[in-house]
Amino acid sequence: MKAMLKNAPIRSKLRFIILSTCIVSLLVACGTLFAVQFYFFRKNFIQDMVSTSEMLAAQSIGAVDFERRDVGEEILGTLSAKSGITGARLSLKDGRELSAFRDVGNSLAGHVAGLKPAQWWDDGSLLFEYPVIRDQEQIGTLYIKSDYGAQSRRLVSLYIAIFCMVLGISVLVAWVISIRLGRVISAPIQKLAETARAIAAKDDYHLRAEKVANDEVGAFTESFNFMLDQVEHRDKALRHEIAERQRAESELQHTQTKLLQASHQAGMAEVATGVLHNVGNVLNSVNVSAAIISEKINGARLEKMQRTAAMLVDKNGDLAEFISNDPKGRLIPSYLVNLGTHLISERNEAISELESLLRNIEHIKEIVSMQQSHARVFGLIERIQPETLVDDAIRMVSVSLRRHQINLVRDVQNSTPVDVDRHKVLQILVNLLRNAKHAMEGGQDEARRIAVSVDRDATGAVEITVSDTGCGIPTENLTKIFSHGFTTRKDGHGFGLHSSALAAQQMGGRLTVHSEGAGRGASFTLHLPAANTDATLT
Amino acid sequence: MPYDFFIRGLAACGGGSFSVSLLRARIAWTVAMLSFCLQFLACAQDGTSEYQAKAIHIAKLVRYVEWPKEKTGHGVPIVIGVFGNDLASEQIREVIGNQKINNREIVVKNCATVQEFKGCHILFVSRSEESRLGSILGKVKGDPVLTVGECDSFLEKGGIINLRTTGRDVKMAINEKNARNSGLRLSPKLVDFREGAVGG
């Protein structure tokens, strides 16, 4: 009922309110009126019966005293003119019946005491027992029985009929009035609603509702129109603001693209620097190895061996005498033995240096090859072991870390392949390692430590964590550290972690940070979904 | 008088030729006789005679009549005079004599003179004096004497209350006008006994 009324039109609601108010008012009024009427009916009925009984008792004195049945019957017979009396009886003092009117039943007896009348109820009937008194002496008794129940039922039926008739007429009149009045109230509201619907349908805030009257609805219409003014004004402002925001977003996207490129270039520069450092280091080793080989070759005892050989040529013919007796000749055999041993040693050292040289050259080739592989285009998804990516990243920054005397610990616990863009992961890891390195600038040498670990979390995803013992991150910065433009470094641009987080998201992973606070180090974890080993990469 | 009726009945059915009218007269007489016998038997059964019942009525009437002040002094006895049948006088005296009503003594006596009539509060004239009713009532006309009779023409001839016997019942009829003319005030409670009313 309530829900039905809630969604009903205002006109129906008004009609319902008027009719229900009318019905309730009538119910209350008629109920009260009928209750009062009923109260007075009962009171008057009893009073009437008392009066009738008193009158009849007084009138019956002669009939009772002279025991005149016919007179008594005549007196009681007058009760036939009174409605509601079902019976009456006149009894003599000794209890003998003198006269009777209709049937009074057998329940009439013994209620009168001390010349006082009595009245009582019996099954909806009101009964009276009145003493017939002559000169302070009871000479008989008058009994009267009245059917109060039938009388009251008739009255109730009459009241109900009156109430139904009044209710019907009132409801009819109220309904007609509600129709007339309903239009006065609902018409302005309907116009207002139609205007609102038109505005909503056409999205046209130039429309205005027509003010019909100066009542509350009129005031509401004015407020509605004023609100439309405001909405129209704000709509214009909003459209302007949206246009401005779209332009700003476009510029931001453009800037981000530029920054991304700059970051990529910076990464490439970092990689190139690392490569150059590595190549330089290896070239140093190559240089040393070449110098050693050169030194070995230059320091070889070839002149002595040449003079010894010339000496042997000179003594040709008397070589045996010379070797046997000449003091110099006797030294030649031992000299040759030593020379051979020495040459073998030098040859071995040269071979060793050459092998080192070859390894270094091979290392240079690897470095160059890695650099070439990093220079490839982004976007290629590969299935790869995460520790491989960790090793590559470490290799890229190892020179820088050594230069800053930072100790790096690598720990691979539980690894599984991941399907990722190698270059994005390397970019993230190099970024994290570089940030860790920066975080430890100014710290004590023995405390500078970066730990890189590979593990899997409870869901099976791969976690690559880069922890440092650097300056840490204040709690208030933890929530905004991945925001674009946020940085604590003087020369930072606030894009590294932002782009790293975006890149992680693009690969279906995420980047998280943990720090106990300033000065207590920080820990960044790259979460990457494990490769679906059932699927094959295309 | 029932006895006269009895004698006339006997005469009517005493003999002569048989005819329809005679048969009817005989049946009527027989019914009347039976009725009389039943009345007699009824009175005999409850132990009250006609005059005893009328005496009770007369005693009760004292309560409903208001005499002038000169007849109602404190301690003044209420005198009930009986004129006519001695049996009536005896039985009335027997029933209500020496009683007190409203602290007033009841005196029942036989009356024969006008002075005696006028000294009574109530004067009962028996049906034996029916032929002289007019002159008797004329003598107490205007005097505050409640005249009580038992003849059908009693009220017409100036009497105030007539007590008729119907079966076992004594029926009372009142002529209020005659009472007023005598200076008596009858209680309104006797209104139903007025002449012409149901009981009258």
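Look up a bit, the structure's there.
Residues numbered from 1 in each chain as written. Chains lettered and ligands numbered in written order. Predicted model: local features only at pLDDT ≥ 70, side-chain atom pairs only at ≥ 80, totals over all residues.

> Outline the overall build of chain A, listing residues and values.
A tally of helices and strands in chain A yields 13 helices and 12 strands. Counting every position in chain A, which comprises 538 residues, the buried fraction comes to 23%. (Helix = DSSP H or I, 4+ residues; strand = E, 2+ residues; numbered from the N terminus. Buried ≥ 20, exposed ≤ 12 C-beta atoms within 10 Å, placed from the backbone.)

> Give me the lowdown on the overall build of chain B, citing residues and values where you can.
Helix and strand counts for chain B come out as seven helices and nine strands. In chain B, which comprises 200 residues, the proportion classed as buried is 32%. Pairs at least 24 apart in sequence give 57% of the contacts found in chain B among residues at least 6 apart. (Contact = placed C-beta atoms within 7 Å.)

> Break down the packing of helix α3 (residues 50-61) of chain B against helix α4 (residues 86-96) of chain B for me, citing the residues and quoting the values.
Residue and element names in this part refer to chain B. At a closest axis distance of 8 Å, the pairing of α3 and α4 adopts a crossing angle of 55°. The angle between α3 and α4 falls in the class oblique. In the crossing of α3 with α4, the sense of the turn from one axis to the other is right-handed. Along its contact with α3, which presents Tyr 51, Gln 52, Ala 55, Ile 56, Ile 58 and Ala 59, the element α4 presents Leu 87, Ala 88, Gln 91, Ile 92, Val 95 and Ile 96. Considering only residue class, the contact of α3 with α4 consists of 10 nonpolar, two polar and no charged. (Axes fitted to C-alpha atoms, helices over the stretch in contact; angles between N-to-C directions. Parallel < 35°, antiparallel > 145°, perpendicular 65-115°, else oblique. Left-handed = near helix turned anticlockwise from the far one by under 90°. Nonpolar A, V, L, I, M, F, W, Y, C, P; charged D, E, K, R; others polar.)

> Please provide a residue-by-residue account of the packing of helix α2 (residues 10-59) of chain A against helix α5 (residues 148-202) of chain A, values included.
Residues and elements named next belong to chain A. α5 packs onto α2 with a crossing angle of 155° between their chain directions and a minimal axis gap of 7 Å. Viewed along their axes, α2 and α5 adopt a mutual orientation that is roughly antiparallel. Once α2 is placed against α5, the crossing between them reads as right-handed. For the contact of α2 with α5, a count of residues per class yields 24 nonpolar, five polar and two charged.

> A description of the sheet that holds strand β5 (residues 137-146) of chain A should follow, citing residues and the corresponding values.
All names here are of chain A. Strand order in the open sheet made by the five strands is β2-β1-β5-β4-β3, with antiparallel pairing throughout. Among the strands making up the open sheet, the edge pair consists of β2 (97-102) and β3 (118-122). For this sheet, the mean inter-axis angle between neighbouring strands, taken without regard to orientation, is 15°. Relative to the sheet, helix α4 (residues 69-77) contacts β1 (85-92) and β2, its axis offset from that of β2 by approximately 30°. (Pairing = 2+ DSSP bridges.)

> Give me the lowdown on unusual backbone geometry, citing residues and values where you can.
Most of the time, phi is negative for any residue but glycine, and the peptide bond is trans. All names here are of chain A. The backbone of Asp 135 sits at a positive phi, close to 50°, despite the residue not being glycine. By the element assignment, Asp 135 lies in the loop between β4 (125-134) and β5. A tally of 10 C-beta atoms within 10 Å means that Asp 135 is categorised as exposed. A positive phi angle is found at Gln 136, which is not glycine, with a value near 60°.

> Talk me through the environment of Trp 120 of chain A; I want residue IDs and the actual numbers.
Summarising the element assignment, Trp 120 of chain A is placed in strand β3. In sequence terms Trp 120 of chain A and Lys 145 of chain A are 25 residues apart; their C-alpha atoms lie 9.8 Å from each other.

> Can you explain the interface of chain B and chain A? Please cite residues and give values.
Each partner contributes to the interface: chain B provides 10 residues, whereas chain A provides 12 residues. A class-by-class count of the residues in the side of chain B that touches chain A yields four nonpolar, two polar and four charged.

> For the sheet that holds strand β6 (residues 146-149) of chain B, give the residues involved together with the corresponding values.
Residue and element names in this part refer to chain B. The strand order across the open sheet formed by seven strands is β3-β4-β2-β5-β6-β7-β8, and the pairing between neighbours is mixed. What marks the edges here is a single partner per strand, and that holds for β3 (100-101) and β8 (169-174). Lying over the sheet, α4 contacts β2 (78-83), β4 (104-110) and β5 (122-125), oriented at roughly 165° with respect to β4.

> Explain the nonpolar core to me, using residue names and the numbers behind them.
In terms of nonpolar packing, the biggest core is built from 70 residues, with Ile 58, Ile 80, Ile 92, Ile 122, Leu 123 and Phe 124 of chain B touching the most fellow members. Take this core: its biggest share by element is six residues, from α3 of chain B. Those residues in contact with Ile 92 of chain B, other than ones at most four positions away along the chain, are Tyr 51, Ala 55, Ile 58, Ile 80, Val 82, Val 108 and Phe 124 of chain B. Counting residues in each nonpolar core, the second largest holds 36 residues, with Leu 429, Val 454, Ala 504 and Phe 524 of chain A among its members. (Core = buried A, V, L, I, M, F, W, Y, C linked by C-beta atoms within 7 Å.)

> Before we move on, could you go through the pairing of strand β7 (residues 161-166) of chain B and cite the residues and values that matter?
Side-chain direction in a regular strand flips from residue to residue, so the side chains alternate between the two faces of the sheet. All names here are of chain B. Where β6 and β7 come together, two bridges link them in parallel fashion. By the bridge assignment for β7, Val 148 is matched with Ile 161. In the sheet, β7 pairs with β8 via six bridges, with the strands oriented antiparallel. What sits directly across from Leu 163, in β8, is Met 172. Counting the residues between successive antiparallel strands, the hairpin from β7 to β8 contains two residues, one of them, Gly 167, with a positive phi of roughly 65°.

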